[in-house]
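Chain by chain, the residues:
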Amino acid sequence: MTTRSLAGFTGAGYDKGKPFYIQVLWMLVSGLVVMPWWCPNSIRLHVLRMFGAQIGIGVSIRHRVRIHWPWKLAVGDHSWIGEGAWILNLEPVTIGTNTCISQDVLLCTGSHDRRSNTFEFDNAPIVVGDRAWIAARATVLRGVTIGDDATVGATALVANDVDNGSTVFAPTARRAE
């Protein structure tokens, strides 16, 4: 049995990708300009690009979208990211073209090594292919690739790759008889 001591956590091997002052500036600008409902999409995209996000043409990123590090985000042409989505991209997240990330989706590249005494990071990138759809409130975990033309149903939890053209649904509850 592992004795866990979170006090010993070091974050060894994790690279935030930008200096501390850029991280702080992003957190301020994100909360004050990028996330609010009143910010036009064109300004939102411009600010994200200024911070290093690679964003194609015709992209729509709605309000209340949380993006941890924009310099670790790439979004292809004509893709949509819905209200309240959270892109927790400690590692790179790549979203293809004509892809829909619906409302309140969580793309989470971060995790921890449960076998580590100090609970060190166990992060990995996420790739979402072209023409994919991740429906409302679905969660995609670190290291997953969602294939081209794939669909992830509402509220699904995805911990493994999804093949091109495949559909993944959340388990459904049965009504008591």
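Conventions adopted
- Residues numbered from 1 in each chain as written.
- Predicted model: local features only at pLDDT ≥ 70, side-chain atom pairs only at ≥ 80, totals over all residues.
- Heavy atoms only, no water.
- Pairing = 2+ DSSP bridges.
- Helix = DSSP H or I, 4+ residues; strand = E, 2+ residues; numbered from the N terminus.
- Contact = heavy atoms within 4.5 Å.
- Buried < 20%, exposed > 50% of the residue type's maximum accessible area, 1.4 Å probe, protein only.
- Polar contact = N/O pair within 3.5 Å; in protein donor to acceptor, adjacent residues only side chain to side chain.
- Phe/Tyr/Trp six-rings, centres within 6.5 Å; stacked < 30°, edge-to-face > 60°.
- Lys NZ or Arg CZ within 6 Å of the ring centre and 35° of its normal.

Student: So, the sheet that holds strand 14 (residues 151-152): which residues are in play, and what are the values?
Tutor: An order of 2-5-8-11-14-16 is seen for the 6 strands of this open sheet, with the pairing classed as parallel. Strands at the two margins of the open sheet, each flanked by one partner only, are strand 2 (60-61) and strand 16 (167-168). Relative to strand 16, strand 14 runs parallel, the two sharing 2 bridges. Counted as the bridge partner of Val 152 is Val 168 from strand 16.

Student: Outline the environment of Leu 73, supporting the account with residue identities and numerical values.
Tutor: Along the polypeptide, Leu 73 turns up in strand 4 (residues 73-75). For the pair Leu 73 and Gln 103, spaced 30 residues apart in the sequence, the C-alpha separation amounts to 18 Å. Filtering out sequence-adjacent residues up to four positions away, Leu 73 remains in contact with Ala 53, Gln 54, Ile 67, Ile 87, Asn 89, Val 93 and Ile 95.

Student: Residues and numbers for the environment of Trp 71, please.
Tutor: Following the sequence through the fold, Trp 71 ends up in the loop between strand 3 (66-67) and strand 4. In this structure Trp 71 comes out as buried when scored by relative accessible area, which is 13%. With residues up to four places along the chain from it excluded, the contact list for Trp 71 reads Lys 16, Gly 17, Lys 18, Ile 22, Gln 23, Trp 26, Phe 51, Gly 52 and Ala 53. Looking at Trp 71, its side chain comes within polar contact range of the main-chain oxygen of Lys 16, at 2.7 Å.

Student: Account for the packing of aromatic side chains, with residues named and values stated.
Tutor: Counted by the stated rule, this structure contains 4 aromatic pairs. For the ring pair Phe 9 and Phe 121, a centre distance of 5.2 Å and an interplane angle of 85 degrees mean the geometry is edge-to-face. Linking Phe 9 in the segment before helix 1 (20-34) with Phe 121 in the loop between strand 9 (106-108) and strand 10 (126-128), this pair joins segments that are 112 residues apart in sequence. Over the face of the ring belonging to Trp 86 we find Arg 66, whose NZ or CZ atom lies 3.8 Å from the ring centre.

Student: Describe the environment of Glu 83, listing the residues and the values that go with them.
Tutor: Looking at where Glu 83 falls in the secondary structure, it is placed in the loop between strand 5 (80-81) and strand 6 (86-88). Exposure remark for Glu 83: the relative accessible area of 26% places this residue in the partly exposed category. As a C-alpha pair, Glu 83 and Met 50 span 33 residues in sequence and 21 Å in three-dimensional space. Those residues in contact with Glu 83 that lie beyond four places of it in its chain are Arg 62, His 63, Arg 64, Gln 103 and Asp 104.

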